[in-house]
Amino acid sequence: MVRVTTPGVRLLPNAITVLALCAGLSAVQFALTRNYGMAIASIGIAAVLDSLDGRIARLLDATSKMGAELDSLSDGISFGVAPALVIYVWQTGADRIGWVASLIFAVCMILRLARFNTLLDDTEQPPYASEFFVGVPAPAGGLLGMLPLVASLQWGEGWWSSQYVVWAWTVAIAALLISRIPTLSLKTVKAPAKAIAPLLLGVALLAAAIIQFPLVALVVAMVLYLAHIPYSVYRHRWLAAHPEAWTVPPRERRAIRRARSTRRLGLRPPLRRRVAGAAMRAVRLPRETVRTPRSSENGQGPRRRTWRQIGLRRK
């Protein structure tokens, strides 16, 4: 069946990308009027729209070369230039070091997006590479860069609003953008059927938290994102060392991980009837040779040891 898409439908993903660009640029205008709450909200709206345009384009079969280039340019402005200018305006713009840090952040964001585009054409990556980003992605980096501003709006002035702390934080996030640290990609996360109801409940609780405590929820989300990086690095290294787990579902990956951990700790491995697929190949051990009892001289069965050979006293 051939899917036919009208020109208006093909225009929808690009329109969403332009809306994300406008939201990101609006953050600068809100910062110039000292409305920092709306500036943060504009960056958040741009992040939401950026997560939708690519999915809608693939769903409608409306992907194009122009759409990909437009998406990269929008991300560079919305999550690189706009956050850098917002932070610079927030810190009164009187410090030359602040302008240098803002430039570093914007340039690192552009470099991160350029590397991302080149990796899309790399066909020599292992199968598990699609589960990770190389470095922190652009929307997360843009929001992480404004974490000191969010904390200041919620809890007032403190050590987190000091100029040198803010600029050091900005440069640190810029370094994460262009780093080779793997971070998890939510695009490849699949939830089992039994977890749908708890996930929907979690979404409802998250929506309530965002409505009632938006800044606190944003701070918690960014802290949790930073906390997941060590796990992401561990998972990436584990997959690189276990090629048998590259093409298996998550359930069998967990079985392989448990089998490896129990063997390393010297514990009893799981029963084979409970492990299937690639996990069985991972835990399969060489068969132990069973020693058969020594046969008797006439070949009719095993030789019985008498009480004299055993060394016991006959009653």
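Note that the structure is a prediction, hence the values are computed from the model and not measured.

Rules behind the numbers
- Residues numbered from 1 in each chain as written.
- Predicted model: local features only at pLDDT ≥ 70, side-chain atom pairs only at ≥ 80, totals over all residues.
- Heavy atoms only, no water.
- UniProt positions renumbered as here; feature names shortened; annotations may be inferred.
- Helix = DSSP H or I, 4+ residues; strand = E, 2+ residues; numbered from the N terminus.
- Contact = heavy atoms within 4.5 Å.
- Core = buried A, V, L, I, M, F, W, Y, C linked by side-chain atoms within 4.5 Å.
- Buried < 20%, exposed > 50% of the residue type's maximum accessible area, 1.4 Å probe, protein only.
- Expected span 1.5 Å × (residues − 1).

Caption draft 1: Representation of the UniProt feature "transmembrane region" (unreviewed entry) in the chain. With numbering aligned to this structure, UniProt lists the feature "transmembrane region" (unreviewed entry) at residues 12-30, 73-91, 97-120, 132-153, 159-178 and 199-227. Secondary structure within residues 73-91 divides into 95% helix and 0% strand; the distance between the first and last C-alpha atoms comes to 26 Å. Split by type, residues 97-120 is 100% helix and 0% strand. Its first and last C-alpha atoms lie 35 Å apart.

Caption draft 2: Layout of unusual backbone geometry. At Arg 34, a residue that is not glycine, the phi angle is positive and equals roughly 65 degrees. Take Arg 34: it is sitting in the loop between helix H1 (7-32) and helix H2 (36-59).

Caption draft 3: Broad picture of the side chain of Asn 14. If you trace the backbone, Asn 14 turns up in helix H1. Contact partners of Asn 14, with chain neighbours within four places excluded, come to Gly 67 and Leu 70.

Caption draft 4: Looking closely at the nonpolar core. One finds Ile 43, Phe 79, Val 86, Phe 105, Met 109, Val 136 and Met 146 to be the most contacted residues of the largest nonpolar core, which totals 42 residues. At the level of secondary structure, the elements contributing two or more residues to this core comprise H1, H2, helix H3 (65-90), helix H4 (96-120), helix H5 (138-145), helix H6 (147-155), helix H7 (163-178) and helix H9 (214-241). The greatest single-element share of this core, amounting to eight residues, is contributed by H3. When sequence neighbours within four positions are dropped, the list of residues in contact with Phe 79 reads Ile 43, Ala 46, Ala 47, Asp 50, Phe 105, Met 109, Ala 138, Pro 139 and Gly 142. Formed by seven residues, the second largest nonpolar core is a distinct cluster that contains Tyr 128, Phe 132, Trp 238 and Leu 239.

Caption draft 5: Representation of the environment of Leu 239. Along the chain, the position of Leu 239 falls in helix H9. Along the sequence, Leu 239 and Tyr 128 sit 111 residues apart, while their C-alpha atoms lie 7.3 Å from each other. Contacts of Leu 239, omitting those with residues within four sequence positions, involve Tyr 128, Glu 131, Phe 132, Ala 245, Trp 246 and Arg 253.

Caption draft 6: Geometry of H4. Taking 1.5 Å per residue, 25 residues should reach 36 Å; H4 reaches 37 Å between its end C-alpha atoms and fits that length. For H4, the complete set of buried residues consists of Gly 98, Ala 101, Ser 102, Phe 105, Ala 106, Cys 108, Met 109, Arg 112, Leu 113 and Arg 115. Contacts from the buried residues of H4 go to H3, strand E1 (132-134), H5 and H7.

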